[in-house]
Amino acid sequence: MILITGGAGFIGNALVRRLNANGQSDIMVADSIGDSLKWRNLVDCRFSLYVDAADLLSMLKDYRFERVIHLGGNSNSTENNFTLMHQMNTEYSRRLWLYCAEHKIPFLYASSGATYGDGSAGFSDDHSLIPQLKPLSAYAYSKHLFDVWALRQLHRPPQWYGLKFFNVYGPGEWHKGRLASMIYQMVHQVKTLGCVSLFGDGEYTRDFISVHDVVDIILFFLNEGPASGIYNVGTGKAHTYNQVAGHIFKALGVEPSILYEPLPGSLIGAFQMFTQADISKLQGAGFKTSFAPYYKAIQRVIKEIITPNSEVNYNI
């Protein structure tokens, strides 16, 4: 059995679906659904067992997994409660790591490109450089703390991978509301309002990567088993929000209309103006990067994003 935490969430659900398509259904899904409608992401998935994330750690002694894929946690980049973020992202990950190390289970976990902060230290996933990073948010810092802790451990899972996801977008984000990717939000703004709203002048740049490409990369690590370590997961190419918005307008056949607003005070000093993954280590590990041009990748997911089911309970 495979354990996937965050299996009802954005990336986790995309992975469950791909595993199902590949004939794998012996999966335990762990997540924190509560009274939300996120359970709808699982209705047409095949898995053996669902457990609440709050109960998982106490249940681990009763199971031995083939591998553990830890994609769960709190990804709210605007959350200021560091104690909460540390408990959910750092400490929870540490407990899963120790379980996998003790029972010799391969372990893959989600880190984040947000750990690179303002980018002044670069975007290299060289292990010697990672401790020097200065994240800008409690979320990013909680992820960074676990990365640094993992690198210091001598007692490790037999294979382990920390994947620093950059700006992931695609279908399956409907439950995230204002925390959904800006590409997802822009598609819905154009469809419902005929315009998009961007911070500043829209010229900040990000490394956008489709969730489909992210799943390809996760499966590469699971199936090929390259050297353990922390790896960037991005395309290696950055684009401005203005560029992305222009392609969304074009794909939807809508005349461009962009509204600009000041960066909220809560984000000043905590907002990444530029991200661009250095993917040389990923390429060196053997992943054959053949990412579609970003506008083609966006065109593909637009068709998936605007299907009726994707807009359930969506609230920008």
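Values in this document were obtained by computation on a predicted structure and should not be read as measured data.

Asks: Quick question: what am I supposed to make of the overall build of the protein chain here?
Replies: A tally of regular secondary structure across the protein chain gives nine helices and 13 strands. Its C-alpha atoms give the protein chain a radius of gyration of 19 Å, within 12% of the compact-globule value 20 Å for 316 residues. Within the protein chain, the proportion of its 316 residues that are buried is 51%. For the protein chain, the computed accessible surface area is about 14100 Å², with 50% contributed by carbon and sulfur atoms. Each charge sign in the protein chain was given a centre, from 27 positive and 27 negative side chains, and these centres are 3 Å apart.

Asks: Help me out: how do you make sense of empty space enclosed by the protein in this one?
Replies: Unfilled space is identified by rolling a water-sized probe across the atoms. Evaluation of the coordinates by the stated rule reveals one cavity of 30 Å³ or more. In this structure, the largest cavity encloses a volume near 50 Å³. Contributing to the lining of the largest cavity are R67, V68, I69, P106, F107, L108, Q159, Y161, F221 and L222. Breaking the lining of the largest cavity down by element, the ones donating at least two residues are β4 (67–70), β5 (107–112) and α6 (211–224). When the residues that make up the lining of the largest cavity are grouped by side-chain class, the tally is eight nonpolar, one polar and one charged.

Asks: Looking at this model, I keep getting lost on the pairing of strand β8 (residues 196–199). Mind explaining?
Replies: In summary, the side chains of a regular strand alternate between the two faces of the sheet. Across the two faces of β8 the burial differs, with V196 and L198 buried and S197 and F199 not buried at all. In terms of strand pairing, β8 meets strand β13 (residues 258–261) through four bridges, oriented parallel. Across the sheet, S197 pairs through a bridge with L259, a residue of β13.

The rules behind the values
Residue indices begin from 1 for each chain and proceed along its sequence in written order. Local features in this predicted model are restricted to residues of pLDDT 70 or higher, and side-chain atom pairs are both shown and tallied only at a pLDDT of 80 or more, whereas totals for entire chains, interfaces and linings draw on every residue. The basis for every side-chain value is the complete set of heavy atoms in the structure, and neither hydrogens nor water enter the calculation. For the purposes of this entry, the term helix denotes a DSSP run of H or I that reaches at least four residues, the term strand denotes a run of E that reaches at least two, and both are numbered from the N terminus. To get the radius of gyration, use the C-alpha atoms; to get the globule rule, take the number of residues to the power 0.38 and multiply by 2.2 Å. Exposure classes here rest on a 1.4 Å probe applied to the protein chains alone. A residue is buried below 20% of its type maximum, exposed above 50%, and partly exposed in between. Each accessible area value is a Shrake-Rupley result obtained with a 1.4 Å probe; residue values ignore everything except the protein chains displayed when judging cover. Counted charges follow a simple rule, with Lys and Arg positive, Asp and Glu negative, and His plus the chain ends left uncounted. Throughout, a charge is located at the NZ atom of Lys, the CZ atom of Arg, the CG atom of Asp or the CD atom of Glu. For each structure, a 1 Å grid was placed over the protein atoms alone; sets of points admitting a 1.4 Å probe that cannot get out are labelled cavities, open sets with protein on both sides within 12 Å along at least five of seven lines are labelled pockets, and lining residues have an atom within 4 Å of a point. Grid points are joined across faces, edges and corners, and a volume is the space filled by probe spheres set on the points. Amino acids are sorted into nonpolar (Ala, Val, Leu, Ile, Met, Phe, Trp, Tyr, Cys and Pro), charged (Asp, Glu, Lys and Arg) and polar (every other residue, Gly among them). A pair of strands counts as paired when DSSP detects no fewer than two bridges linking them.

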